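# Examination of the molecular architecture
This is what each chain is made of:
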Amino acid sequence: MTTCAASSSTWVVYLIRCGDGSYYAGMTNAMERRLAAHREGRGARYTRGRGPLALAYVEACASRSAALRREAELKRLRHAARHALALSGEDTPSAAPGG
C-alpha cells in the first residue's frame, strides 16, 4: 500500500461523506475550493444530489503523482474500510466546514 506522508505539500486526497452514508474519494491541490464545488453541484457527478456533504478525511501527499496513486487506493477500498479511515480522523482538519 502506498501512503502519502503528511507534509506541507499542496496535493491532498480526501473522503467526503455523502448524505446517503456513502463515501466519495478524490484529490485536489485546493481543498476548500474543491469542497465548495462539490457542495454547489459543480464537483463530481457522484456527489450531486447526495447532500449534505461532509469532509470526513484529508491526507497530504508529496506530489500530484503520489496523490493520484493514493486516490486510486482509496477508491478500491470497501465501504467499511473507508468508514474506518474516516473515523480514524488522521490528518483531518478539525475546523473543516461540515466535517
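Shown above is the structure to which this text applies.
Below or above, wherever it landed, is the structure these notes cover. (Residues numbered from 1 in each chain as written. Predicted model: local features only at pLDDT ≥ 70, side-chain atom pairs only at ≥ 80, totals over all residues. Heavy atoms only, no water.)

In terms of burial, strand 1 (residues 11-17) is a largely internal element, 5 of the 7 residues being buried. Sheet topology places strand 1 next to strand 3 (residues 54-61); 7 bridges connect them, and they run antiparallel. Bridge pairing in strand 3 places Val-12 opposite Ala-60. The pairing of strand 1 with strand 2 (residues 23-28) spans 6 bridges and is classified as antiparallel. Directly across from Arg-17, in strand 2, lies its bridge partner Tyr-23. (Buried < 20%, exposed > 50% of the residue type's maximum accessible area, 1.4 Å probe, protein only. Helix = DSSP H or I, 4+ residues; strand = E, 2+ residues; numbered from the N terminus. Pairing = 2+ DSSP bridges.)

Along the chain, the position of Tyr-46 falls in the loop between helix 1 (31-39) and strand 3. Separated by 28 residues in sequence, Tyr-46 and Cys-18 have C-alpha atoms that sit 9.5 Å apart. Apart from the residues within four sequence positions on either side, Tyr-46 is in contact with Cys-18, Ser-22, Tyr-23 and Tyr-24. At 2.9 Å, the side chain of Tyr-46 forms a polar contact with the side chain of Ser-22. (Contact = heavy atoms within 4.5 Å. Polar contact = N/O pair within 3.5 Å; in protein donor to acceptor, adjacent residues only side chain to side chain.)

Right, let's talk about the sheet that holds strand 2 for a bit. The strand order 2-1-3 describes an open sheet built from 3 strands, whose pairing is antiparallel. Strand pairing shows two members of the sheet lacking a second neighbour, strand 2 and strand 3, which therefore form its edges. With strand direction ignored, the average angle separating the axes of adjacent strands in the sheet is 20°. Each of strand 1, strand 2 and strand 3 touches helix 2 (residues 64-76); the most contacted strand, strand 2, lies at about 175° to it. In this fold helix 3 (residues 79-88) packs onto strand 1, strand 2 and strand 3, with an angle of close to 65° to the strand it touches most, strand 2. (Axes fitted to C-alpha atoms, helices over the stretch in contact; angles between N-to-C directions.)

We now examine the nonpolar core. Nonpolar side chains tend to gather and get buried jointly when the protein is soluble and globular. Within the largest apolar cluster, 13 residues are counted, with the highest numbers of intra-cluster contacts made by Val-13 and Leu-15. Those residues in contact with Val-13, other than ones at most four positions away along the chain, are Gly-26, Met-27, Tyr-57, Val-58, Glu-59, Cys-61, Ala-67, Arg-70, Glu-71 and Leu-74. Ranked by size, the runner-up nonpolar core spans 12 residues in total, among them Tyr-14, Tyr-24, Met-31 and Leu-55. (Core = buried A, V, L, I, M, F, W, Y, C linked by side-chain atoms within 4.5 Å.)

Here we take up the pattern of salt bridges. Inspection of the entire model under this criterion finds 5 salt bridges. One salt bridge connects Asp-20 with Arg-50, and the closest N-O pair in it is separated by 2.6 Å. Placement of Asp-20 in the loop between strand 1 and strand 2 and of Arg-50 in the loop between helix 1 and strand 3 is noted, with a sequence separation of 30 residues between them. Its relative accessible area of 48% is what places Asp-20 among the partly exposed residues. Among the salt bridges present, the one from Arg-42 reaches Glu-40, with a minimum N-O distance of 2.6 Å. Taken individually, Arg-42 and Glu-40 each receive the classification exposed, so the pair is uniform in this respect. Bridged by salt links that share partners, the residues Glu-59, Arg-70 and Glu-73 form one connected network. (Salt bridge = Lys/Arg side-chain N within 4 Å of Asp/Glu carboxyl O.)

Keep in mind these values describe shape, not function.
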